[in-house]
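# Report on the structure
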Amino acid sequence: MHQRRRWTAVPVVVALLAVSTVTQVGIATAGSGSAPELRLIRSTPRIVARRSPSGRVFLDPKVFLTATGADFEIEVSRPDYDTPVSAVQRLPGGSTVTLPADVLEAWFGFKRFYRVTVSDQEGDVRFDRLLPFCPNTWQKVRVGPDGPSQPIFPDYCSWNPFSLGMVYGIEQDWAASLSSDWYRGISMRLPKGRYAVDVSIDGRFSDMFDVEPSNASASLSLVVKERHRHHHHVPAQRSRPGLGTRRPTPGVPADRAPDPSTLPDLVPLPSWGIGVRRTRGGEFLSFGANIWIKGNGPMVVEGFRREGEPVMDAFQFFYRDGAPVGRAPVGELAFDPRHGHEHWHFKQFAGYQLLAADRKTVVVSTKESFCLVPTDAIDLTLPEAEWRPGQVGLFSACGGRDDLWIREVLPVGWGDTYYQYLPGQSFDVTDLPNGTYFIKVIANPGGRLYEAARGNNASLRKVILRGKPGHRRVEVPPWHGIDTEGSIAFRALRRVRG
């Protein structure tokens, strides 16, 4: 069993707003070659929120940031892990503007970008907070006819501490919700009643992006009511896309010596999310691991079922300019019927070992099968990177029991994170002495997959076991100054609370 993070694929807050519901008053069009014009717009002048049993109100002001005249595009990157992250705004015509280094909240978007103020009918301020903003969001709406028909920028801001490059953006004539980040939702304690809500872009950012004062704010009224306790909501069941009878395009030739320019470069990141779990069976070192695709092409594995067997023959497909140009057999996919799995696993992707201080292997993880999904954006500034993997028709499918064919994909720039916490998959350290160890993550351990390079197929993360038996703990030194076990990695998970 494994636990994987699926924040990229499951929006917890979904707002589907028709274009006609968005209030637009006098939106100007920027001149050719100029920066986009940014503006706050609201979808409604009045919102209703209900108090939770604890008295908290979760607020979505229904206010959007829109870009007209051009795309609003920010590139965030670092050339290596020893260089600070920098951000530039890309303008029409290819010019760039370097932004101050402190505008970013790690990889989570802009820091302290907009202010929300809630006042009661007496004029007393009940909530006043500067909040972060990620332009990449599931909650995008089209607000004019001149932009692209579909979003082109990623739909979330990266959070992986080992990210190297990310692109933030709002397409021309599209708008992004300010409060779309479910893990940073706005909440406060308010009694029933009526309130005034004022939303405004912080002055630093309105000056930076030349936002007109009249475009930098929006106001609306808020009515807080008690939650109806007699209603019981049963969420609708989502069906999996019907992939069972599809077949890939015929005619892709067999090729056991593919062009290197079509091959993916599998790179394992250092382990993180590391801790000691205690069970009746002993003490286990749990960890997270991610292998990402640095280039040149995507990692595409397709499985074709053997008739009457829970096994698929796996083939790696090689792509050029978005089209398959070759294929080669690379092993098997097996169906895992256990509860919590119930999908197809690819067996040749990764391996995990715990090494002693002398780099000798002391424990081997039994985790050997994977369902490839692009969970983490690692470097979307690569020329071949796919910004929105859900729209390319090559999105991963773990499949179901009766499927005849599946396709599993990691696009360039993306990685797949797995957390190993179960005995056998995590490392049994019950009888290991305290001291220094290394978690080794290996890409393509059996060498069955075709890669652009194999000299970067292993990563090591130093860990130090301490404490008494039954009460062990682990220390994880920063890696190139990146403290993955501190507040950096999980700061965005804390909700904004009044």
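Residues numbered from 1 in each chain as written. Predicted model: local features only at pLDDT ≥ 70, side-chain atom pairs only at ≥ 80, totals over all residues. Heavy atoms only, no water.

## Points about the overall build of the protein
Test applied: Numbered from the N terminus, helices here are DSSP runs of H or I no shorter than four residues, and strands are runs of E no shorter than two. For every residue, the accessible area (1.4 Å probe, protein chains only) is compared with the maximum for its type, and the residue is labelled buried under 20%, exposed over 50%, or partly exposed between those bounds. By definition, residues are in contact when any of their heavy atoms lie within 4.5 Å. Residue exposure ignores everything except the shown protein chains as possible cover, and the areas themselves are Shrake-Rupley values with a 1.4 Å probe.
Regarding its fold elements, the protein presents two helices and 32 strands. Sorting the 498 residues of the protein into buried and exposed places 53% on the buried side. Considering only contacts in the protein between residues 6 or more positions apart, those separated by 24 or more positions represent 72%. Per element, the accessible surface of the protein, about 22400 Å² overall, is 50% carbon and sulfur.

## Here's the deal with a positive patch on the surface
In plain terms, the rule: Patch definition: residues above 30% relative accessible area lacking any salt bridge, with like charges linked at up to 9 Å and the nonpolar side chains Val, Leu, Ile, Met, Phe, Trp and Tyr linked at up to 5 Å. Between Lys or Arg on one side and Asp or Glu on the other, a salt bridge is scored when a side-chain nitrogen of the former is within 4 Å of a carboxyl oxygen of the latter. In summary, the charge assignment counts Lys and Arg as positive and Asp and Glu as negative, without counting His or the chain termini. To locate a charge, take atom NZ for lysine, CZ for arginine, CG for aspartate or CD for glutamate.
On the surface, a cluster of positive charge is made up of Arg46, Arg50, Arg194 and Lys225. Locating Arg194 in the fold gives a position in strand 14 (residues 193-201). In this structure Arg194 comes out as partly exposed when scored by relative accessible area, which is 48%.

## Remarks on the pattern of salt bridges
Pairing between side chains of opposite charge can happen when their charged atoms approach one another. Counted according to the given criterion, the structure contains 16 salt bridges. The partner of Arg51 in a salt bridge is Glu226, and the shortest N-O contact between them spans 3.1 Å. One end of the pair, Arg51, is in strand 2 (residues 46-51); the other, Glu226, is in strand 15 (residues 217-226), with 175 residues separating them in the sequence. Residue Glu332 pairs with Arg306 through a salt bridge whose shortest N-O separation is 2.9 Å. Taken as a pair, Glu332 in strand 21 (residues 323-336) and Arg306 in the loop between strand 19 (299-305) and strand 20 (311-320) lie far apart in primary sequence, 26 residues in all. Given the relative accessible area of 30%, Glu332 is considered partly exposed. Each of Arg278, Glu283 and Arg472 takes part in one network of salt bridges that share partners.

## A closer look at the sheet that holds strand 23 (residues 350-356)
Put simply, the test is: When DSSP finds two or more bridges between two strands, those strands count as paired. Where helices are involved, their axes are fitted lines through C-alpha atoms of the stretch in contact, as for all axes, and angles between N-to-C directions lie from 0 to 180°.
Spatially, the five strands line up as an open sheet ordered 24-23-29-30-31, and their pairing is antiparallel. The open sheet has two free edges, formed respectively by strand 24 (361-364) and strand 31 (473-475), since each of these has just one partner strand. Taken pair by pair, the neighbouring strands of this sheet meet at an average axis angle of 35 degrees, ignoring direction. Pairing geometry for strand 30 (residues 458-466) and strand 31, over three bridges, is antiparallel. Along strand 31, the bridge assignment pairs Ile464 with Glu475.

## Focus: unusual backbone geometry
Cis geometry marks the peptide bond from Gly295 to Asn296, where omega comes out at 0 degrees. Among the structural elements, Asn296 can be located in strand 18 (residues 282-296).

## A few points about the packing of aromatic side chains
To keep things clear, this is the line we draw: Each Phe, Tyr or Trp ring, with Trp reduced to its six-membered ring, pairs with another whose centre is within 6.5 Å; inter-plane angles below 30 degrees give stacked pairs, above 60 give edge-to-face pairs, and intermediate values give tilted ones. In our convention, an over-ring charge means Lys NZ or Arg CZ found within 6 Å of a ring centre and within 35 degrees of that ring's normal.
Across all of its chains, the model carries 19 aromatic pairs by this definition. Taking the centre distance of 6.3 Å and the plane angle of 75 degrees together, the rings of Phe110 and Tyr168 count as edge-to-face. Taken together, the residues span a long stretch of sequence, with Phe110 in strand 8 (residues 110-120) and Tyr168 in strand 11 (residues 165-170) at a distance of 58 residues. Judged by relative accessible area, Phe110 falls into the buried class, the value being 0%. When its relative accessible area of 0% is taken as the criterion, Tyr168 is described as buried. Among the aromatic residues, those joined into a ring-pair cluster are Phe72, Phe110, Phe113, Phe133, Tyr168, Phe205 and Phe209. We note Arg359 situated over the ring of Phe438; from NZ or CZ to the ring centre the distance is 4.1 Å.

## Observations concerning the side chain of Glu73
Of note, Glu73 is situated in strand 5 (residues 72-77). Arg90 provides the closest opposite charge to the buried, unpaired Glu73, separated from it by 4.5 Å. Excluding anything up to four places from it in sequence, Glu73 contacts Val88, Gln89, Arg90, Phe153, Val167, Tyr168, Gly169 and Trp387.

## Examining the pairing of strand 6 (residues 86-90)
Direction of pairing for strand 5 relative to strand 6: antiparallel, over a ladder of five bridges. Bridge pairing links Glu75 to Val88 in strand 6. Two elements, strand 6 and strand 7 (residues 96-98), share three bridges in a ladder whose sense is antiparallel. Within the sheet, the bridge partner assigned to Arg90 lies in strand 7 and is Thr96.

## Looking at the sheet that holds strand 21
Spatial strand order, 22-21-20-19-26: five strands in an open sheet with antiparallel pairing. Strands with a single pairing partner mark the edges of an open sheet, and in this sheet they are strand 22 (343-346) and strand 26 (405-410). On average, each strand axis in the sheet is tilted by 35 degrees relative to the strand beside it, whichever way the strands run. For strand 20 and strand 21, the ladder comprises 10 bridges, and the chain directions are antiparallel. What sits directly across from Tyr319, in strand 21, is Pro324.

## Describing the side chain of Glu408
For clarity, the cut-off: Here a polar contact is taken to be a pair of N or O atoms separated by no more than 3.5 Å, where protein atoms must pair a possible hydrogen donor with a possible acceptor and residues adjacent in sequence count only if both atoms sit in side chains.
You can see Glu408 is positioned in strand 26. Among the polar contacts listed, one links the side chain of Glu408 to the backbone nitrogen of Leu372, at a separation of 3.2 Å.

## Some details on the environment of Arg454
Within the fold, Arg454 resides in the loop between strand 29 (435-443) and strand 30. Among residues more than four places away in sequence, those in contact with Arg454 are Asn444, Gly447 and Leu449. Reaching out from Arg454, the side chain makes a polar contact with the backbone oxygen of Leu449 at a distance of 2.8 Å.

## Here's the deal with the confidence of the model for the protein
Operational definition: Each residue gets a pLDDT score, which is the predictor's confidence in that residue and runs from 0 to 100.
Residues with a pLDDT of 70 or more make up 82% of the protein, whose mean pLDDT is 83. Low pLDDT, under 50, characterises residues 487-498; the stretch is placed with 37 contacts to residues that sit more than four places away or in other chains.

## Let's talk about the environment of Ile442
Among the secondary structure elements, Ile442 is positioned in strand 29. Each C-alpha atom of the pair Ile442 and Ile291 lies 8.5 Å from the other, and the pair is 151 residues apart in sequence. Sequence-distant contacts of Ile442, that is, excluding residues within four places in its chain, are made with Ile291, Phe349, Ala350, Gly351, Gln353, Asn457 and Ala458.

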